[in-house]
Structure formats: structure tokens, C-alpha cells
Amino acid sequence: MTVPPVSAPAALPDTTRVRIQQEAARLFVQSGYHGVSMREVAEAVGVTKPALYHHYADKEALFLAMLEGTLAGLARLVAAANAQVGIRLQLDTLVYELLASAPEQRVGLQLAGELRHVSPERRGAFEREYRRVWIGGLSELFELAAARGELRADVAPAMLARAFLALTYPLVTGAPSSDPQAMGRALLAVFLDGATSRPGSDPMR
């Protein structure tokens with residue numbers, strides 16, 4: 001990725017790095033990008049402001065480091081799906097992993113909403129990497145399934161990937177469902193089998 005220097009995580013103990021990420025994310029979600037100062041982050045973590053600047057060059061660098069963590073999580077979701085055999089099991093795994101990481105995904109989406117405040121260069125670099133890792137990773141999953149003959153041939157795999165994202169978006173936005181697993185199964189059934197009824201079919205299979 002070509003984003004300007006964001007962090008030097010190897011120089012930080014894991015526990016400190018985790019605290020910085022957690023506290024910074026909480027503050028950015030609570031107050032927005034412009035409502036948070038590096039001093040507030042340092043105080044919340046319990047480190048000095050110079051120590052924080054030693055590891056993060058500026059507020060943009062810290063903010064993008066958190067978004068890169070979210071992106072790494074999405075890459076792990078794609079990898080987990082790719083480890084399965086067959087598009088049904090792959091998508092079932094994706095839905096399961098999305099539900100399991102829903103709190104983190106919600107934070108990531110809220111942080112992404114503040115991305116407009118960072119410099120155009122850094123924002124553009126992150127958005128390109130997001131499209132490569134997440135959109136590109138999902139599109140490749142669908143392309144391979146189409147090549148195996150598991151998907152309909154009259155819709156482009158990239159379009160199917162975007163439709164899947166749109167349909168599963170409610171899993172990680174808004175208030176959590178009272179039964180997220182059932183909601184996930186229902187959305188996946190609609191995506192794979194359609195919304196119209198079929199005699200003798202089980203819509204949750």
C-alpha cells in the first residue's frame with residue numbers, strides 16, 4: 001500500500017498498541033475526526049503526547065492505522081471463505097464471520113464515514129486498497145465460482161459480489177438483530193435461491 005507512513009507497530013508492545021487502537025477508535029466514533037486531539041488520545045491511553053507522536057506521525061496517520069486494521073480484518077474474512085470448498089459454504093462462512101465480527105465492522109464503518117476529513121492523497125490510497133482487498137477479493141471469489149459452473153452465467157461475477165454486499169449490509173449496520181444468525185441465514189437464502197416460493201423447498205437451506 002502506498003499510504004504515507006502510518007505507524008511503526010513493531011516498536012510498541014502489543015498491549016499498548018491495542019490500547020491505542022481501542023481508545024482512539026472510541027474517541028473518533030464518539031466525537032468525529034475533528035473532535036479528537038492527539039492529546040486526548042494520549043490521556044485516554046495513559047501515555048505521554050510525545051510518546052504517541054513517536055509512533056504515529058500525526059492524527060491522520062493514527063486514524064488511517066485504525067482503518068487499515070479494519071481492512072486487515074476484511075482480508076481475513078475473504079481468506080476464511082477461500083479456505084472452504086464451494087460457493088455456498090464460502091458464502092455461509094463469510095456471513096458467519098461477518099456476524100462474529102459485527103461490532104468491529106460497525107466501528108469500521110463509522111470510522112470510514114470520517115475518511116473524507118483526511119488528505120486526498122491518503123484517502124485515495126486507502127480507498128484503492130479497500131477496493132483491491134475487499135471488493136476485489138469478493139469479486140475473485142465469485143469469478144472462481146462462476147468458472148466452476150456454480151453460478152448463473154448471465155450476471156457478471158463482479159455484479160453478484162456487489163449484490164451480495166448490498167444484501168448482507170444490514171448484518172453490520174444499525175441496531176443488532178434480535179436473532180442475527182436467523183437473519184444471516186435468511187439473507188443468504190434469498191441471495192442464493194431467490195425470494196419467490198418453490199413447492200417443497202426449504203427457504204433456510
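Residues numbered from 1 in each chain as written. Predicted model: local features only at pLDDT ≥ 70, side-chain atom pairs only at ≥ 80, totals over all residues. Heavy atoms only, no water.

Draft legend 1. Structural detail: the pattern of salt bridges. All chains considered together, the criterion is met by eight salt bridges. A salt bridge links R26 to E23; the nearest nitrogen and oxygen atoms lie 2.7 Å apart. With R26 and E23 both in helix α1 (residues 14-31) and three residues apart, this pair spans about one turn of that helix. Between E129 and R132 there is a salt bridge, and its shortest N-O distance comes to 2.8 Å. Placement of both E129 and R132 in helix α7 (residues 120-147) is noted, with a separation of three residues, approximately one turn of the helix. For E129, a relative accessible area of 15% corresponds to the buried category. (Salt bridge = Lys/Arg side-chain N within 4 Å of Asp/Glu carboxyl O. Helix = DSSP H or I, 4+ residues; strand = E, 2+ residues; numbered from the N terminus. Buried < 20%, exposed > 50% of the residue type's maximum accessible area, 1.4 Å probe, protein only.)

Draft legend 2. Representation of the packing of helix α4 (residues 59-82) against helix α5 (residues 87-100) in the model. α5 packs onto α4 with a crossing angle of 145° between their chain directions and a minimal axis gap of 8 Å. In terms of crossing hand, the pair formed by α4 and α5 is right-handed. Facing α4, whose interface residues are L77, V78, A80, A81 and N82, α5 presents Q90, T93, L94, E97 and L98. For the contact of α4 with α5, a count of residues per class yields six nonpolar, three polar and one charged. (Axes fitted to C-alpha atoms, helices over the stretch in contact; angles between N-to-C directions. Left-handed = near helix turned anticlockwise from the far one by under 90°. Contact = heavy atoms within 4.5 Å. Nonpolar A, V, L, I, M, F, W, Y, C, P; charged D, E, K, R; others polar.)

Draft legend 3. Expanded view of helix α9 (residues 180-193). For α9, which comprises 14 residues, the first-to-last C-alpha distance of 20 Å matches the rise-based estimate of 20 Å (1.5 Å per residue) to within 8%. The inward-facing, buried residues of α9 abut α5, α7 and α8 (157-168). Just past α9, the residue G194 takes up positive phi, approximately 90°. (Expected span 1.5 Å × (residues − 1).)

Draft legend 4. Seen up close, the packing of aromatic side chains. Taken as a whole and assessed by the stated rule, the structure comprises six aromatic pairs. Their ring planes at 55° and their centres at 6.0 Å tell us that F142 and F164 sit as a pair that is tilted. One end of the pair, F142, is in helix α7; the other, F164, is in helix α8, and 22 residues separate them in sequence. No difference in accessibility class separates F142 from F164, as the two residues are buried. On the numbers, 5.5 Å between centres and 70° between planes, the contact of F164 with F191 is edge-to-face. Note that F164 is positioned in helix α8 and F191 in helix α9, a separation of 27 residues in sequence. Here a set of aromatic residues connected by ring pairs shows up, and it is made of F28, Y33 and F63. Residue placement shows K59 over the ring face of Y33; its charged tip is 4.4 Å from the ring centre. (Phe/Tyr/Trp six-rings, centres within 6.5 Å; stacked < 30°, edge-to-face > 60°. Lys NZ or Arg CZ within 6 Å of the ring centre and 35° of its normal.)

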